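Analysis of the macromolecular model
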Amino acid sequence: MARLNLWRWAVLGLAGLYFLVPLAASVVFTVDVPGQGVTFDAYTAVFSTAGLGSSLLLSLELAAATIAVVLLLMVPAMVALRLGSPGLRPVVEVVCSLPLVVPPIAFVAGIGTVLRWGPEHLARTPLFQTFVAIQDPGFPVVLVLAYVVMALPFVHRALDAGLRSVDVRTLVEAARSCGAGWPQALVRAVLPNLRGALLNASFLTLALVLGEFTVAQLLGFQPFAVWIVNISGSQAQLSVAVSVLSLLVTWVLLLVLAGFGGRTRPTSRG
């Protein structure tokens, strides 16, 4: 047992060095200026650059909307699939895995074609305003729809793993026998037992939205990832400082989400 624990610590130590050494080297590169010593000018330049707050806020709004939509879509579908049609699970798995085999450049090319086709052929219909509204730069709904599709493989895997560890049929039948309706059984009996799976799905979706660049750039929007690339330019220290800050922001958001999801509700006494 002691030997096994030693190997575990050795593997964890090597993994920590693999991730922390490049990060530490990046931080040193941004603060150590030859001839000036330690300076934080690169980081102050990042915070003084226009667009930081608006791009980060836009990415957070997109992430929150994407998480809400994909969970509202997938959780009832996965529960209904497990209860009523388990034979269709391979079909749903294949459909949800399709975004992994479609290159993002091809995906965004298809979206762009539809967005150009709509205003040209639907100019005299009410749908024209819909095409205009979903491309509002203040909150581009089209990005939410694209991110929902891109997040399907990760959310499906997380929810499927969570549902496999829970006896959903027994939980639903117990809730129904106590007089609960289907929505109430889902919310009060199933979802509390899927907290870990829901949290994992939210983690993956948040990381996807914060780091996605191709779709947003080619569609002409500027969330956080696009802003990072646009301000990097030819200044090496500024570029690395932005990368370090973006990594730290992602970590902080994931920790906040983990802390929020890890809170336990007080148990009521009869």
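These notes cover the structure that comes with them. (Residues numbered from 1 in each chain as written. Predicted model: local features only at pLDDT ≥ 70, side-chain atom pairs only at ≥ 80, totals over all residues. Heavy atoms only, no water.)

Okay, the layout of surface pockets next. Considered as a void within the structure, the second largest pocket measures approximately 200 Å³ in volume. Residue lining of the second largest pocket: Leu-98, Pro-99, Leu-100, Val-102, Pro-103, Pro-104, Phe-107, Val-149, Met-150, Pro-153, Phe-154 and Leu-208, and that is the complete set. Ranked by residue count, the leading element in the lining of the second largest pocket is helix α7 (residues 141-164), at four residues. When its residues are assigned to classes, the lining of the second largest pocket shows 12 nonpolar, no polar and no charged. (1 Å grid on protein atoms, 1.4 Å probe; cavity = no way out; pocket = protein on both sides within 12 Å on 5 of 7 lines; lining within 4 Å. Points joined across faces, edges and corners; volume = space filled by probe spheres on them. Helix = DSSP H or I, 4+ residues; strand = E, 2+ residues; numbered from the N terminus. Nonpolar A, V, L, I, M, F, W, Y, C, P; charged D, E, K, R; others polar.)

In helix packing, the relevant descriptors are the interaxial angle and the interaxial distance, both defined with respect to the helix axes. Taken N-terminus to C-terminus, the directions of helix α3 (residues 52-84) and helix α9 (residues 182-190) make an angle of 100°; their axes are 12 Å apart at the nearest point. The orientation of α3 with respect to α9, classified from their angle, is roughly perpendicular. Touching Val-75, Pro-76, Val-79 and Leu-83 of α3 are Trp-182, Leu-186 and Val-190, all from α9. For the contact of α3 with α9, a count of residues per class yields seven nonpolar, no polar and no charged. (Axes fitted to C-alpha atoms, helices over the stretch in contact; angles between N-to-C directions. Parallel < 35°, antiparallel > 145°, perpendicular 65-115°, else oblique. Contact = heavy atoms within 4.5 Å.)

Our focus in this paragraph is the side chain of Ser-202. Residue position: Ser-202 is located in helix α10 (residues 195-211). In this structure Ser-202 touches Ile-67, Leu-71 and Leu-257, once residues within four positions along its chain are discounted.

Let us now look at helix α8 (residues 168-177). Those residues of α8 that fall on the buried side of the exposure criterion are Val-168, Val-172 and Ala-175. Buried residues along α8 cover an arc of 65° about the axis, so they all sit on one side. Phi turns positive, to about 95°, at Gly-179, one or two residues after α8. (Buried < 20%, exposed > 50% of the residue type's maximum accessible area, 1.4 Å probe, protein only. Arc of directions from axis to C-beta.)

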